[in-house]
Every structure is written in C-alpha cells, then in structure tokens.
Amino acid sequence: MSVDHRKLGRELDLFDSDPLIGSGLPFWLPAGAAARHEVEAYLYDLERRNGYQHVYSPALGKRAMYEMSGHWRNFADDMFPPMELDQLVLRPSLCPHHALIFKSRQRSYRELPLRIAELGPMYRAERSGVLGGLQRVRSVQLNDAHIFCRLDQAGDEVAAVLRLMRDAHAALGVRVSAVQLSLRGDSGKYAGDEQSWALAEKLLREALDAAGQPYQDAPGEAAFYGPKIDVEVSDPAGRRSTLATVQIDFHQPAAFDLSYSDSSGGRARPVMVHRSLAGSMERLFAHLIEVHEGAFPAWYAPVQLAVIPLASVIGDDFASRAVAAGLRVEVLHEGSVGLRIRAAAQRKIPYVAVIGDRVVSSGEVSLRLRDGRQMPAVAIDQAISAVARDRP
C-alpha cells in the first residue's frame, strides 16, 4: 500500500491547512518547520560553499516587468491578476527579479560567472481541482538560483549544477526516477530565435552526455524562454513529478538588456542559467515524507533525540547538554517507560535515551534506534556526538 504524504504529514503534525486561509495554502507546524529549516540551512550552506551569493527579493512586481520578461504573454493564465495598486502582481517566478539584481550596477567579465541564489516565495494560480497536500499548492517556497555567465562558461556551469544536484539528493534521500530534456513543441508560445534555442539545447545535451546521465527527450515541455533538464521523482504510487531543473536562457538577458564589460572593453550579453537543486520546499517534502514514510534521516528529523528520564535530575542535565550541542531534543515524562518508547517510535524519532540509575552510576548511556536496535553504551558526550555526526 502506498504512503500518502497528506495523511502521514497530519499524523506526524508536520503541516495542515484551514479553509479560512484558503485551498492550496498549507501552513507548517513546528515539527514540519523544524525539518524544513534544517533542509533549507543545508541547501544554503551547500550553495555558499559552491560560489553562490544569496539575495532577498520581493514577492511582488509590476505587471510591466512580467510583460518585459515574457511571463505575461506566455504564463498569464497561471498568474494571479494584478492588484489595483500600481498593477502589482504576485510573482510566478524569481528570474525577472534576479535579472534586475544583475542589472543593478555595472558588471565586468571578471565577476562572471555570477551565481545569485534565493530561497524565495512565488505564487501560482492553480485551479482548485488540482490542489492537493504539499504536492500542488498556490504558495511556493522555491530553492532557486540564476547564474550569469559568458557563453563559453555555460556548459561548465550546467555540469557543475548536475553535480550539486547529485550531492543534495544523496544527502536528502531523494530517489531520482528519470531525467528528461524538455524541448520546444508546436504551440508557438516560445520566445527567442532558432539559433539561440539550438545552441541552448546543444549545451544541455553535452552536459548530460559528459555526466553519463541517461535521459529522454520531452518535446513540448520546455519553458517559454528555453529548453531545460528536468530531474523527476516518483511517489510510491508511481506518479512522476519534476523536482530539480536546470535551464539555459538567452531570451531574458536580451529582454532586460543585460550586459557586462568584456575583456576588450566592449559590452557583451551574459547567458542566464536557471537552476533549482531541490525544487520547492512543498513538493520536496511531499516526496520526502512518502519515500521515508515519515522516518526522515536523523539530521533533519523534527526531533532527533527523545530523552526518557527515570532519574529526573540527570535526565534533564543530559537533555540540556544535547540541546547545547545543537540537537533537537524532547523530554518525555508521561507514562511507563515502554509507553514512552512506543510513543517515540510512532513519531519516528531516530534516537531514544533512557536515563536511569545505571547512567547516573556509570556515566554511560545506550541509545535506542527507532527500528528497535540498541547501541552499545558509551560516555554521554560520545552519545550526543554520535547523533550530531549524522549531519551531512
């Protein structure tokens, strides 16, 4: 029987929704927020260590900006209508904002590649009939980035993104089911010229081939501004969805008249590489809840360690030391020892420490794993370090 993230997410108090807030607008409860925070911090640090600079940009923009980017012409049906105040629109993507961040001052070829990243909100006017849990929502928090580079750097940047994706997916426990190269179809709703599209497709194919990555062509699935590599995952029922993506865009740098000073002192147009390592936090966690059946890897489990004190003073001291070491800890006081152990297992808590007289006399503790196995007794600080070492 397949696992439904909506059911399990509510059982584990990860997220919920309310009709007064609206369909497709889930809220994250403390347990879900704790797990999400750890994943966001990991992605932020991974990007930082790989040359990305993080920014914040507003979730609103004028309709005129989206007319310039091409979103209004090609994507208006999926956008919320403009507000009366200044024709402001809830943004459906972050790329126009990042293009204007690039344009905010003069740029030199020495700055390139310039990698701008943001975990930012965007909004999609999804129809009520397709909304469900975290998988299809109207408010999206996207792990997004845009790389501005010279044409001769674009292939290497795509290859580096593919490597980063593999690292992030391995750490998170994401199981990739397929990779597709999304190309233009026959609709005609595409921006740019034939030469740019052919070059972008060539660069993406070369990066996939160099990585030894099997893929399938998917005509008609491209973004309106360029082809893209879509990394797909499957839920336990076999339904596929795109989680990560990398795209090459010649259109928006031209639309926003982006340029940099080249080595000869002239002006040149950058290439814009769009990428997301893990997609939206909503779709990512819909997948993670289901593939892990709620038993997240310890480093982003909502509670990493449950403490069951039999000797209250030493139990509280152990918990305090674990919290000081950076762990997420909960002390369980109510019920028999067996009942408390079962409660921790039902909540999928990775480690349980029963603190009794033996721990007081020996200074050692034996951690119990959520699958029922018992680890050998070790010194208290060593046990705490063992839990902390699970972080990637």
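Note that the coordinates shown come from a computational prediction; the quantities given were computed from them, not determined experimentally. Residue indices begin from 1 for each chain and proceed along its sequence in written order. Note on the predicted model: pLDDT of at least 70 is required for a residue's local features to be given, and 80 or more for side-chain atom pairs to be given and counted; whole-chain, interface and lining totals, by contrast, use all residues. Each side-chain value is derived from all of the structure's non-hydrogen atoms; neither hydrogens nor water enter the calculation.

### A closer look at the overall build of the protein chain
A run of DSSP states H or I qualifies as a helix once it reaches four residues; a run of E qualifies as a strand once it reaches two. Both are numbered from the N-terminal end. In terms of regular secondary structure, the protein chain is built from 13 helices and 20 strands. Along the longest, intermediate and shortest principal axes, the C-alpha atoms of the protein chain span 75 × 50 × 40 Å. By definition in these notes, contact holds between two residues if any of their heavy atoms fall within 4.5 Å. Here the contacts in the protein chain between residues at least 6 apart in sequence split such that 70% fall between residues at least 24 apart. Computed with the Shrake-Rupley method and a 1.4 Å probe, the accessible areas treat only the protein chains shown as cover for residues. Carbon and sulfur atoms provide 50% of the accessible area of the protein chain, an area that totals close to 18200 Å².

### Some remarks on a nonpolar patch on the surface
Patches here are clusters of residues that have more than 30% relative accessible area and form no salt bridge, with a 9 Å joining cutoff for like charges and a 5 Å cutoff for nonpolar side chains (Val, Leu, Ile, Met, Phe, Trp, Tyr). Any carboxyl oxygen of Asp or Glu that lies within 4 Å of a side-chain nitrogen of Lys or Arg is treated as forming a salt bridge with it. Residues Leu60, Met83 and Leu85 make up a contiguous nonpolar surface patch of about 260 Å² in total accessible area. Relative to the helices and strands, Met83 resides in the loop between helix 4 (71–75) and strand 5 (88–90). The partly exposed category is assigned to Met83, whose relative accessible area is 35%. Accessibility here uses a 1.4 Å probe with only protein chains present; expressed as a share of the type maximum, an area under 20% marks a residue as buried, one over 50% as exposed, and anything in between as partly exposed.

### Description of helix 9 (residues 281–291)
Most of helix 9 is tucked away, with ten of its eleven residues classed as buried. Those residues of helix 9 that sit buried are Met281, Glu282, Leu284, Phe285, Ala286, His287, Leu288, Ile289, Glu290 and Val291. In the stretch just after helix 9, Glu293 is the one whose phi turns positive, near 50°.

### Quick look at unusual backbone geometry
Here the bond from Leu112 into Pro113 is cis, since omega is 0°, no more than 30 degrees from zero. On the secondary structure map, Pro113 appears in the loop between helix 5 (95–102) and strand 6 (114–123). Of note, the phi angle at Gln87 is positive, near 50°, even though the residue is not glycine. Among the secondary structure elements, Gln87 is positioned in the loop between helix 4 and strand 5.

### With respect to helix 6 (residues 151–172)
Taking 1.5 Å per residue as the helical rise, helix 6 with its 22 residues ought to reach 32 Å, and the 32 Å between its terminal C-alpha atoms agrees with that figure. All buried positions along helix 6 are accounted for by Gln153, Ala154, Glu157, Val158, Val161, Leu162, Leu164, Met165, Ala168, His169, Ala171 and Leu172. Gly173 lies just past helix 6 and shows a positive phi near 80°. Every helix has an expected span of 1.5 Å times one less than the residues it contains.

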